[in-house]
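For reference, the chains in residue letters:
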Amino acid sequence: NRFRKSIMEYGEGINVTNNQSHSFIISGQLTGPLLAVVIGFEMVVAIFLNLFVILFTLCHPKTLKKSSTILLTSLAVANLLVSCLFMPFTFITAAADMNN
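Read on for a plain summary of the structure. All values reported here derive from a predicted model rather than from experimental measurement.

Checked against the element boundaries, Phe48 lands in helix α3 (residues 33–59). The exposure class assigned to Phe48 is exposed, which follows from its relative accessible area of 58%. Sequence separation of Phe48 and Leu80 is 32 residues, and the distance between their C-alpha atoms is 8.8 Å.

Following this line, the structure appears as structure tokens:
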């Protein structure tokens, strides 16, 4: 009961202090062209940096024996795939929102 009461008081405090007119909503602040620019910049930077990490590890084959390097390289490959396969569609969707 004491735990439930403290959660209810915490929730009431959030509801009292939560003012909808002053809340930060990403979809309200970053729409259309600005969101397309941010996603495009992030996509280009992610592709170049992930390619750098992958090429660096391939040029130094001795480092591939460490488990941390294998983990870092696999994360770079996964992030590169996300940047190349999914982020362009997000960019196109954000850019298409410019007309609305």
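Looking now at the packing of helix α4 (residues 67–85) against helix α5 (residues 87–96). Viewed as axis vectors pointing N to C, α4 and α5 meet at an angle of 35 degrees, and their least axial separation amounts to 4 Å. From α4, Val82, Ser83, Cys84 and Leu85 reach across to α5, where they touch Met87, Pro88 and Phe89.

On to the packing of α3 against α5, then. Close contact between α3 and α5 brings their axes to 8 Å; oriented N to C, the two are set at 165 degrees. Compared by their axis directions, α3 and α5 come out roughly antiparallel. Handedness of the crossing formed by α3 with α5: left-handed. Counted together, Leu35, Ala36, Ile39, Gly40, Glu42 and Met43 of α3 and Met87, Pro88, Thr90, Phe91, Ala94 and Ala95 of α5 form the full contact between these two elements. Of the residues belonging to the contact of α3 with α5, the class tally is nine nonpolar, two polar and one charged.

What counts and what doesn't
Residues numbered from 1 in each chain as written. Predicted model: local features only at pLDDT ≥ 70, side-chain atom pairs only at ≥ 80, totals over all residues. Heavy atoms only, no water. Helix = DSSP H or I, 4+ residues; strand = E, 2+ residues; numbered from the N terminus. Buried < 20%, exposed > 50% of the residue type's maximum accessible area, 1.4 Å probe, protein only. Axes fitted to C-alpha atoms, helices over the stretch in contact; angles between N-to-C directions. Contact = heavy atoms within 4.5 Å. Parallel < 35°, antiparallel > 145°, perpendicular 65-115°, else oblique. Left-handed = near helix turned anticlockwise from the far one by under 90°. Nonpolar A, V, L, I, M, F, W, Y, C, P; charged D, E, K, R; others polar.

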